[in-house]
Amino acid sequence: MLIGGDFNKKGVQLLKTLSEMSQKDIDADVAVGDLNRALKFDRNEIKNLLEYLENKECVQIKTIGGPYLYGHISITSKGLIRAVRK
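Residues numbered from 1 in each chain as written. Predicted model: local features only at pLDDT ≥ 70, side-chain atom pairs only at ≥ 80, totals over all residues. Heavy atoms only, no water.

A. Up close: the pattern of salt bridges. Considering all chains together, one arrives at three salt bridges under this definition. For Lys10, the salt bridge is made with Glu45, and the minimal N-O distance between the two is 3.0 Å. On the criterion of sequence distance, the pair formed by Lys10 in helix H1 (residues 5–21) and Glu45 in helix H3 (residues 43–55) is long-range, its members being 35 residues apart. Judged by its relative accessible area of 15%, Glu45 falls in the buried class. In this structure, Arg37 and Asp34 form a salt bridge, with 2.6 Å as the shortest nitrogen-oxygen distance. Of the two residues, Arg37 and Asp34 both sit in helix H2 (residues 32–39), three residues apart, roughly one turn of that helix. Taking relative accessible area as the criterion, Arg37 reaches 57% and is therefore assigned exposed. (Salt bridge = Lys/Arg side-chain N within 4 Å of Asp/Glu carboxyl O. Helix = DSSP H or I, 4+ residues; strand = E, 2+ residues; numbered from the N terminus. Buried < 20%, exposed > 50% of the residue type's maximum accessible area, 1.4 Å probe, protein only.)

Printed below as a string of structure tokens:
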């Protein structure tokens, strides 16, 4: 698992990509597979980032299942703020 600055940069990158894919709509569900095709993270990396960002209330996990453990996620208002701020 990445720790520190690189992990934070990837988290912000994930939030920015998620905000674009959801068109900044907190009610839009985005497939984790589609998100990861855009980001090209490995399976463990995206799983760890999603768990971390959910704990920070930046994303909401909507469905479980699939190759990345999570099927669909949505960005939260807090996640949108972080995506724009950085």
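B. How the structure looks around H3. For H3, which comprises 13 residues, the first-to-last C-alpha distance of 19 Å matches the rise-based estimate of 18 Å (1.5 Å per residue) to within 8%. The opening residue of H3 is Asp42, an N-cap whose side-chain oxygen sits 3.1 Å from the backbone nitrogen of Asn44. Directly after H3, the chain includes Glu57, whose backbone phi takes a positive value near 60°. (Expected span 1.5 Å × (residues − 1). Polar contact = N/O pair within 3.5 Å; in protein donor to acceptor, adjacent residues only side chain to side chain.)

C. Spatial organisation of H2. Taken together, the buried positions of H2 are Val32, Gly33, Leu35, Asn36 and Leu39. One face of H2 carries all of its buried residues, which in axial projection span an arc of 160°. Away from the buried face of H2 by more than 90 degrees, exposed residues Arg37 and Ala38 are located. (Arc of directions from axis to C-beta.)

D. Looking closely at the environment of Lys56. Among the secondary structure elements, Lys56 is positioned in the loop between H3 and strand S2 (59–64). By relative accessible area, which is 34% here, Lys56 ends up partly exposed. Counting along the chain gives 14 residues from Lys56 to Tyr70, while the straight-line C-alpha distance between them is 17 Å. Discounting residues that sit within four places of it in the chain, Lys56 has contacts with Lys78 and Arg82. (Contact = heavy atoms within 4.5 Å.)

Worth remembering: the numbers are spatial, not functional.
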